[in-house]
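# Examination of the molecular architecture
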Amino acid sequence: MSENMEKSPEPSSLPDDVTIEIVARVPISHYPILNRVSKSFRKLIASPTLYERRSQLGYKEHRVYAVLRKTHDDFGFYILHRKVGCSNRLVFAGSLPLMFSSGSYVSVGSKVYGFSDLNALSIDCTSHTVQPISDDPQRMTNKLANVIDKKVYLIGGSYFRAGSWDTWKSEVTVFDTETQSWEPKEDMHVGLGPFRYDSVVMEGKVYVKGDSTHKSFVYEPEERKWELMDEVLSSKAWEGACVVDNVLYYHDRSETVLRAYDPEQSCWSVVNGLEEFLAVKTAHSIWSYAVTYGEKKLALFFLQKHEGKNVIFFAEIALERRQGGEIRGKMESCDVVIEDGLFEMAKFVSVTV
């Protein structure tokens, strides 16, 4: 079928609505092939109507996108793509405007939103087009972005003079993705410190992990309240973490284990069943990121030396919570997704399209 399609410049004479009904039922992994068929197919693959129909049919899929930077001004947007019968690869989807390496990226629906001290942008993952976002009315640095109910909660801050000392104040501002507008907030907390490892959302709250010298805290949007983080959760230097079924996971490179924190039990545990895989594959990884990958799964990306090259690995891990609180993991695939991994920065985000 694909050979015939490639031979014909305009392979379909069907009405657009009929073609959409057919293509909407095709797995997204086949879209890059369809995208090469003709101009009309490229237009169809980029059409919001196609993805609206997929949503109506219940055919939404979880995909992972990466923002990679090789040099100071070379930002690329990549998609994790599985070729039929082949391994996973990170495929270049387009260039991005200059962003600071400390930028934070989140997804809402089929869009990725990126925020840095330099600018803010949105990326449409159906058409791979980039649009700037209007300036944040509240100037902040060291921004971390998290999403609750289609609103991006941007936590950052700034220094201000208090007597003879410069003191850091943490602040929050909100970007409403439905109205595409900012909601200025006046929520502020003094003294938490600007340097953070990571942040996640659990139970409708934003958890921000401070570094070894700055406090970790929890922000409650409904009550606009700041609290210090639970000592147990704060006891681990979690970074590159994700949340699956309201449990936080991160790859502890120092002990080559996948750790899990259950907020209901307020305790850490080690995910069993991955010991051999992690010991062999990730023992000397330079960095790692865990990303939500659909229901009861996570994607683990890590930079590793392989055959004399720096390469980025992707591992698909299925998770199972058993009675008694045990969590078991099963490595379902592990591939080198991009070679020459000499990237100055790498960020990963899960998207539903």
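Residues numbered from 1 in each chain as written. Predicted model: local features only at pLDDT ≥ 70, side-chain atom pairs only at ≥ 80, totals over all residues. Heavy atoms only, no water.

An unreviewed UniProt entry annotates the protein as F-box domain-containing protein originating from Brassica campestris.

All told, the structure shown has 17 aromatic pairs when counted by the stated rule. Plain terms: the ring middles of Tyr65 and Phe77 are 4.9 Å apart, the flat faces sit at 15° to each other, and that makes the pair stacked. Linking Tyr65 in strand E1 (residues 62-71) with Phe77 in strand E2 (residues 74-82), this pair joins segments that are twelve residues apart in sequence. Like Phe77, Tyr65 is buried. For the pair Tyr293 and Phe314, a centre-to-centre distance of 5.7 Å together with 75° between the ring planes defines the contact as edge-to-face. (Phe/Tyr/Trp six-rings, centres within 6.5 Å; stacked < 30°, edge-to-face > 60°. Helix = DSSP H or I, 4+ residues; strand = E, 2+ residues; numbered from the N terminus. Buried < 20%, exposed > 50% of the residue type's maximum accessible area, 1.4 Å probe, protein only.)

Domain annotation of the protein identifies domain 1 (83-92 + 235-346) and domain 2 (100-229). Placing a centre on the C-alpha atoms of domain 1 and another on those of domain 2 gives a separation of 25 Å. Tallying the contact residues gives 13 residues for domain 1 and twelve residues for domain 2. Interface area, domain 1 with domain 2, both sides summed: about 1000 Å², of which 69% is carbon and sulfur. Sorting the residues of domain 1 by area buried against domain 2 places Trp238, Asn246 and Met345 first, and these three jointly supply 47% of that buried surface. Applying the counting criterion to the domain 1 and domain 2 interface returns zero salt bridges. Viewed at the interface, domain 2 and domain 1 are joined by three residue pairs in polar contact (both at pLDDT 80 or more). (Domains from an automatic or database assignment. Contact = heavy atoms within 4.5 Å. Buried area = accessible area lost by both parts, 1.4 Å probe. Salt bridge = Lys/Arg side-chain N within 4 Å of Asp/Glu carboxyl O. Polar contact = N/O pair within 3.5 Å; in protein donor to acceptor, adjacent residues only side chain to side chain.)

This next bit is on the sheet that holds E2. Here four strands make up an open sheet; going across it, the order is E3-E2-E1-E25 and the pairing antiparallel. The sheet is open, and its two borders are formed by strand E3 (88-96) and strand E25 (345-352), each paired with just one other strand. Geometrically, the sheet is characterised by an average inter-axis angle of 30° between neighbouring strands, direction not taken into account. Pairing of E2 with E3, which is carried by eight bridges, proceeds in the antiparallel orientation. Looking at E3, one finds that Tyr78 is bridged to Phe92. (Pairing = 2+ DSSP bridges. Axes fitted to C-alpha atoms, helices over the stretch in contact; angles between N-to-C directions.)

It is worth spelling out the packing of helix H2 (residues 16-23) against helix H5 (residues 48-57) at this point. Closest axis-to-axis distance for the H2/H5 pair is 9 Å, and the angle between their directions is 50°. Judged by the angle between their axes, H2 and H5 are oblique. With respect to the hand of their crossing, H2 and H5 are arranged in right-handed fashion. In this structure, H2 contributes Ile20, Glu21 and Val23 to the contact, and H5 contributes Thr49, Leu50 and Arg53. (Parallel < 35°, antiparallel > 145°, perpendicular 65-115°, else oblique. Left-handed = near helix turned anticlockwise from the far one by under 90°.)

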